[in-house]
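So you can see what is in the structure, the chains are spelled out below.
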Amino acid sequence: MIETERLILRNYTMNDFDALYEIVSDPETMQHYPAPFDEEKTRGWIKWNLENYEKYDFGLWAVVLKETGEFIGDCGITIQDIDGELLPEIGYHIHKKYWRRGFAKEAARAVRDWVFTNTDYNEIYSYMKYTNVGSYSTAIANGMRKVKEYLDPKNYVSYAYSIKRADWENIVAGPKTVTKEDIKSALEKLGVEKGMVLEVHSSLKSFGNVPGGAQSVIDALKETVTEEGSIFMPALRLSPEMELTEEDKKLGIKVKIKVLDRDEKKTAMGIIADTFRSLPDTYTGNDVISTSGWGKHGKEALTGGLDYAIHNGGKALLFGVDIYKLTAMHYMEVHTPKEINELYAPSDEVNKIYPPEEWFIETGHPPLKAWYTIQNMAYKKGLIKETYIGNCHVMYFDILDVVSLYAEELKNRPFELWGIKE
Ligand SMILES: CC(C)(COP(=O)(O)OP(=O)(O)OC[C@H]1O[C@@H](n2cnc3c(N)ncnc32)[C@H](O)[C@@H]1OP(=O)(O)O)[C@@H](O)C(=O)NCCC(=O)NCCS
């Protein structure tokens with residue numbers, strides 16, 4: 001039995017049938033499943049969990065309100081096939097009359113803590129159909145990060161999120177204070193040294209509490225590579241993704257981002273990159289899609305963006321962000337087949353409403369976000385070194401090693417990579 005502030009998680013019994021059936025037979029609740037459950041499937045669900053308790057000592061547990069004992073859903077851990085691998089997975093179902101009151105989050109966090117305390121698993125997952133916003137939002141609230149997008153025969157596109165034991169230990173330890181010296185010593189341990197060329201993407205808040213803020217992170221980087229080295233950061237003059245209006249949706253728009261004015265201080269690149277860009281000894285281009293550079297070869301940012309870093313042994317450092325921030329990946333997209341680009345190019349109508357000089361618009365995504373596939377390949381090949389600096393998860397790798405994987409995939413199997421059926 002697991003107890004939280006408002007909930008008890010206990011073993012299922014067959015007596016839970018009626019209350020469970022009310023939840024899983026409801027078409028709205030089951031909209032991301034192939035179909036709502038009938039009575040037989042609901043009984044089978046309870047039986048499957050009773051068997052799980054026998055076999056594994058865990059399963060999905062009944063979630064009941066502590067105060068009244070009312071059954072409001074289930075949450076727990078089962079072994080699931082996630083893209084061909086059998087992995088421990090946290091699942092949850094909550095009665096719709098109790099949605100958006102934090103119950104799934106409360107239950108899922110308690111299950112996560114239970115698993116890391118009572119089993120040897122070093123990574124736990126949650127997976128869902130890509131349309132299931134409630135489910136992946138709960139995974140994120142549970143400290144998980146997206147690790148995979150894949151085609152699933154049932155779901156078409158599935159997302160897998162996960163949390164590793166080290167991430168969990170970090171969360172349990174609470175916010176940490178990280179000084180410039182902490183960052184420098186962690187960088188040294190990773191192998192960052194004097195004279196290196198770095199491409200850096202970052203989230204300041206991922207560190208915890210940093211005295212001196214963005215400037216301390218920048219100073220730590222500069223003092224480590226010194227003026228013999230070079231640092232590049234993104235300087236794209238773009239806003240965060242904006243909410244879509246009904247009109248936008250009708251036009252098939254999927255992503256809407258505003259081009260910002262030249263003197264705009266805050267962009268979607270994060271405060272570390274924004275601060276870096278504004279420093280007097282940083283070189284930054286005038287284009288919307290620019291890179292800023294500092295150090296021995298920093299000026300290269302003005303003419304070649306990240307070309308210098310990619311082709312001169314540059315290393316990538318991702319502070320609390322994932323491969324989706326790695327601008328160098330885009331440099332490989334010259335290999336994307338024309339047919340794929342044409343499939344997702346905004347129409348003339350959209351371009352008229354949102355002129356490309358003022359807006360960054362996407363009118364469709366390929367079914368899969370291929371970059372997670374590349375991130376996984378890179379991990380499997382041992383190309384990515386990881387560490388934590390305070391609460392910040394850091395990835396460190398040779399830029400060309402990783403982006404070359406992408407270039408090769410784009411050349412050899414682009415349609416498969418993007419999940420586009422030819
Ligand atoms: C997924 C589900 C369990 C979430 O339950 P819930 O109790 O409403 O979730 P919570 O209130 O704990 O919310 C958890 C997080 O998800 C967010 N969230 C939940 N439902 C959401 C929705 N429909 N849209 C956007 N965000 C949502 C919450 O805002 C919260 O995030 P926050 O901590 O950043 O604020 C519930 O919607 C459900 O039972 N769905 C049907 C069954 C199902 O699909 N299960 C998952 C199978 S893969």
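Residues numbered from 1 in each chain as written. Predicted model: local features only at pLDDT ≥ 70, side-chain atom pairs only at ≥ 80, totals over all residues.

(A) View of the overall build of the protein. Helix and strand content of the protein: 16 helices and 17 strands. In terms of overall dimensions, the protein is globule-like: its C-alpha atoms have a radius of gyration of 24 Å, near the 22 Å expected for 422 residues. Dimensions of the protein, computed from C-alpha atoms along their principal axes, come out at roughly 70 × 50 × 40 Å. Sorting the 422 residues of the protein into buried and exposed places 37% on the buried side. Restricting the contact set of the protein to residue pairs at least 6 apart, pairs at least 24 apart contribute 66%. (Helix = DSSP H or I, 4+ residues; strand = E, 2+ residues; numbered from the N terminus. Rg over C-alpha atoms; globule rule 2.2 N^0.38 Å. Buried ≥ 20, exposed ≤ 12 C-beta atoms within 10 Å, placed from the backbone. Contact = placed C-beta atoms within 7 Å.)

(B) Looking closely at the domain arrangement of the protein. Here the protein is described as being made up of domain 1 (2–171) and domain 2 (176–418). The C-alpha centroid of domain 2 is placed 34 Å from the C-alpha centroid of domain 1. Mapped onto the side of domain 1 that touches domain 2, the elements with two or more residues apiece are β7 (145–152) and α5 (165–173). In terms of residues, the side of domain 1 that touches domain 2 owes the most to one element, β7, which gives six residues. Broken down by class, the residue content of the side of domain 1 that touches domain 2 amounts to four nonpolar, one polar and five charged. (Domains from an automatic or database assignment. Nonpolar A, V, L, I, M, F, W, Y, C, P; charged D, E, K, R; others polar.)

(C) Molecular detail of the sheet that holds strand β14 (residues 315–319). Taken in spatial order, the seven strands line up as β12-β13-β10-β9-β14-β17-β16 in an open sheet, and their pairing is mixed. Since the sheet does not close on itself, it has two edges, and those belong to β12 (283–284) and β16 (385–389), each with one partner. Of the strand pairs in this sheet, strand β9 (residues 197–202) and strand β10 (residues 230–234) are connected by three bridges, and their pairing is parallel. Paired with Val-197 across the bridge in β10 is Ser-230. (Pairing = 2+ DSSP bridges.)

(D) Region of interest: the site of the ligand. Close to the ligand lie 21 residues; Trp-99, Ala-104, Lys-105, Gly-134 and Ser-137 are nearest. For the shell around the ligand, the secondary-structure elements that each account for two or more residues are β5 (85–94), α3 (103–118) and α4 (133–141). Here the shell around the ligand takes six residues from α4, the largest share from any one element. Split by residue class, the shell around the ligand holds eight nonpolar, ten polar and three charged. (Near = placed C-beta within 6 Å.)

(E) Up close: the packing of helix α6 (residues 180–190) against helix α7 (residues 213–225). Look at α6 against α7: their axes get within 9 Å of each other, and the N-to-C directions meet at 40 degrees. As far as their axial angle goes, α7 and α6 are oblique. For the pair α6 and α7, the crossing hand works out as right-handed. Facing Lys-180, Ile-183, Lys-184, Leu-187 and Glu-188 of α6, the residues of α7 in contact are Ser-216, Val-217, Asp-219, Ala-220, Glu-223 and Thr-224. Across the contact of α6 with α7, the residue classes tally to four nonpolar, two polar and five charged. (Axes fitted to C-alpha atoms, helices over the stretch in contact; angles between N-to-C directions. Parallel < 35°, antiparallel > 145°, perpendicular 65-115°, else oblique. Left-handed = near helix turned anticlockwise from the far one by under 90°.)

(F) Main features of unusual backbone geometry. The phi dihedral of Asp-83 is positive, around 50 degrees, even though this residue is not glycine. Structurally, the position occupied by Asp-83 is in the loop between β4 (71–82) and β5. Positive phi is not limited to glycine here, since Arg-100 has a value of about 60 degrees. Among the structural elements, Arg-100 can be located in the loop between β5 and α3.

(G) Fine view of α4. Burial in α4 covers these residues: Ser-135, Tyr-136, Thr-138 and Ala-139. Mapping the buried residues of α4 onto a view down its axis gives an arc of 155 degrees, with all of them on the same face. Along its buried surface, α4 packs onto β5, α3, β6 (123–129) and β8 (156–164). Where α4 ends, the next residue or the one after it, Gly-143, has phi of about 85 degrees, a positive value. (Arc of directions from axis to C-beta.)

(H) Broad picture of α6. Ile-183, Ala-186 and Leu-187 are the residues of α6 that are buried. Seen from one end, α6 has its buried residues packed into an arc of 100 degrees, which puts them on one side. Of the exposed residues in α6, the ones pointing more than 90 degrees away from its buried face are Glu-181, Glu-188 and Lys-189. Tucked inside the fold, the buried residues of α6 contact α7 and β16. Positive backbone phi, approximately 110 degrees, marks Gly-191, located one or two places after α6.

(I) Quick peek at the nonpolar core. Judged by nonpolar contacts, the single largest core of 58 residues is most densely connected at Leu-198, Val-217, Leu-221, Ile-231, Ala-328 and Val-403. With six residues, helix α15 (residues 399–412) is the largest single contributor of residues to this core. Among residues more than four places away in sequence, those in contact with Ala-328 are Glu-199, Leu-306, Ile-310, Ala-316, Ile-399 and Val-403. The next biggest cluster of nonpolar side chains, apart from the first, holds 41 residues, and it includes Leu-20, Phe-58, Ala-104 and Ala-108. (Core = buried A, V, L, I, M, F, W, Y, C linked by C-beta atoms within 7 Å.)

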